[in-house]
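Structure at a glance
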Amino acid sequence: MRTPARYFISTFYKFQKIADPEQMKLFLEETAARTGTIGLIIIGHEGINATVSAPTMPGLDAFKKAILEKLNLTELMFKDSEADVAPFRRFKVKIRNEIVTLGTPELTPPEGGKNHHLSPTEWNEVLKNEKDYVMIDTRNWYETKIGTFKGAVNPKTDQFTEFPQFMEENNFAKDKKVLIFCTGGIRCEKGILELQRKGYDEVYQLDGGILNYLKEYPNDQFEGECFVFDHRVAVDQNMKASAKYKLCPHCGQPANTAIDCKRCDTHTLICDDCSNLTWKQVTCSKNCAYHLELHPDRKGERQAQPYEFED
Ligand SMILES: [Zn+2]
Ligand SMILES: [Zn+2]
């Protein structure tokens, strides 16, 4: 019997001044080649934001060790998981102004500093024992659709840059406790600075985000699955790659409605929104939807790979 391939995955970030991002990019590419690592890393002058994967645990450990040495750190919160699908196809480093885009490059979290972080245990204590707080999901609407914390406010933003405006429009009481969370914690590191600038003193962020929480408290206050930006689509309560969702071939949202394409007979999953749209609800791809609309009675060639995650 063939043993299924394993992919060892780690998500991490660090706000730390990187003087020469180009030089860092070369270092990361060399290290990835040496250790067999794939993934997506965003770097900028303000730091590094990464999800990487290697086919063996020693390979992933070697990559982490190289990162720690390069950044001159003794520790870093690595959020680890495993999958039997490859989360990425290749290794890529992007250089950006901000390593997580809020549109506020002037707001960089203090190096190594803690800023109102709650551990998963502290987070649970507030959720279970306190009443007078508001908890806000800072992620995009398509991420929140498949899972979130019980009782969380959902801003329904398309992208993180809309979060400050959401807070402004809703005018939550500034003396009330505000809890914010995201996938791996990095968005909140910037989000909290923006809120503190607006005068929220009692704002707290979930340390390491949902991924860190699920590691300690599966099947507790977080319900559903946690969307991730790679081929896994989401991780379930046990941090395993989603068995339930694929990406919708029409729009890229999480999808779990099974169909057989009317044009090419490919079996696939489409999302709730597209299953309400005439041409999309019966087709497996943009291509098939387009051709079926033109020639409703013709069959077409099977679409082997209806959707590819852009990495
Ligand atoms: Zn869709
Ligand atoms: Zn098709």
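Note that this is a predicted model, so its numbers are computed, not measured.

The coordination sphere of the zinc ion (ligand 2) contains the protein donors Cys261 (SG), Cys264 (SG), Cys284 (SG) and Cys288 (SG), at a distance range of 2.2 to 2.4 Å. The coordination sphere of the zinc ion (ligand 2) comprises four donor atoms, whose angles at the metal cover 102 to 114 degrees; the geometry is tetrahedral.

On to helix α8 (residues 286–294). Along α8, the residues that are buried comprise Cys288, Ala289 and Leu292. Seen from one end, α8 has its buried residues packed into an arc of 100 degrees, which puts them on one side. Across α8 from its buried face, at more than 90 degrees, point the exposed residues Lys286 and Tyr290.

With that out of the way, let us pick up the coordination of the zinc ion (ligand 1). Each protein donor to the zinc ion (ligand 1) is listed here as Cys248 (SG), Cys251 (SG), Cys271 (SG) and Cys274 (SG); together their distances run 2.2 to 2.4 Å. Considering all four donor atoms around the zinc ion (ligand 1), angles at the metal cover 104 to 116 degrees and the coordination shape is tetrahedral. Read from N- to C-terminus, the donor residues coordinating the zinc ion (ligand 1) fall into the pattern C-x2-C-x19-C-x2-C. Taken as a pair, Cys251 in the loop between β14 (246–247) and β15 (254–255) and Cys274 in the loop between β17 (267–270) and α8 lie far apart in primary sequence, 23 residues in all. Cys274 sits in the buried class, given a relative accessible area of 3%.

Attention now goes to the packing of aromatic side chains. Per the stated rule, a full pass over the model turns up 14 aromatic pairs. Ring centres 4.9 Å apart and planes at 75 degrees place the aromatic pair Phe149 and Tyr213 in the edge-to-face group. Remark: Tyr213 occurs in helix α7 (residues 209–216) and Phe149 occurs in strand β8 (residues 147–149); sequence separation between them is 64 residues. A relative accessible area of 1% places Phe149 in the buried class. Arranged with centres 5.9 Å apart and planes meeting at 15 degrees, the rings of Phe160 and Phe163 form a pair that is stacked. Here Phe160 and Phe163 have matching classes, each one buried.

Moving on: the domain arrangement of the protein. Domain annotation of the protein identifies domain 1 (7–95), domain 2 (117–231) and domain 3 (246–294). Computed over C-alpha atoms only, the centres of domain 1 and domain 2 are separated by 25 Å. At the junction of the two partners, domain 1 supplies 14 residues and domain 2 supplies 13 residues. Summed over both sides, the interface of domain 1 with domain 2 buries roughly 1100 Å², with 62% coming from carbon and sulfur. Here domain 1 is connected to domain 2 by one salt bridge. A salt bridge links Glu46 to Lys190, with the shortest nitrogen-to-oxygen separation between them at 3.1 Å. At the level of elements, β1 (7–15), β3 (47–54) and β4 (79–83) are the ones that each hand at least two residues to the side of domain 1 that touches domain 2. It is β1 that contributes the most residues to the side of domain 1 that touches domain 2, three residues altogether. Considered class by class, the residues forming the side of domain 1 that touches domain 2 number seven nonpolar, three polar and four charged.

Calculation criteria
- All residue numbers refer to positions counted from 1 along the written sequence of the respective chain.
- To label them, take the chains in the order written and letter them from A, then take the ligands in the order written and number them from 1.
- Per-residue local features of the predicted model are confined to residues with pLDDT of at least 70, and side-chain atom pairs are confined, for both listing and counting, to 80 or more; whole-chain, interface and lining totals are unaffected and use all residues.
- The basis for every side-chain value is the complete set of non-hydrogen atoms in the structure, without hydrogens or water.
- The rule for donors is simple: an N, O or S atom within 2.8 Å of the metal counts, and for Na, K and Ca the reach is 3.2 Å. Water is not among the atoms, so a site may look short of donors.
- A four-donor site is classed as tetrahedral when every donor-metal-donor angle falls between 85 and 135 degrees; four donors are called square planar, and six octahedral, when trans pairs exceed 155 degrees and all remaining angles lie between 65 and 115, with any other arrangement labelled irregular.
- Exposure classes here rest on a 1.4 Å probe applied to the protein chains alone. A residue is buried below 20% of its type maximum, exposed above 50%, and partly exposed in between.
- A helix here means a DSSP run of H or I that spans at least four residues, while a strand means a run of E at least two residues long, and both kinds are numbered starting from the N terminus.
- The arc refers to the directions leading from the helix axis to the C-beta atoms.
- Pairs were defined over the aromatic rings of Phe, Tyr and Trp, the Trp ring being its six-membered one, requiring ring centres within 6.5 Å. Orientation was assigned from the angle between planes: stacked under 30 degrees, edge-to-face over 60, tilted for the rest.
- Domain delimitation follows an automatic or database domain assignment.
- Whether two residues are in contact is decided by their heavy atoms: any pair within 4.5 Å suffices.
- Simply put, the buried area is the total loss of 1.4 Å probe accessible area from both parts when two parts are fitted together.
- A carboxyl oxygen of Asp or Glu within 4 Å of a side-chain nitrogen of Lys or Arg is what we treat as a salt bridge.
- Residue polarity is assigned by list, with Asp, Glu, Lys and Arg as charged and Ala, Val, Leu, Ile, Met, Phe, Trp, Tyr, Cys and Pro as nonpolar; anything else, Gly included, falls into the polar class.

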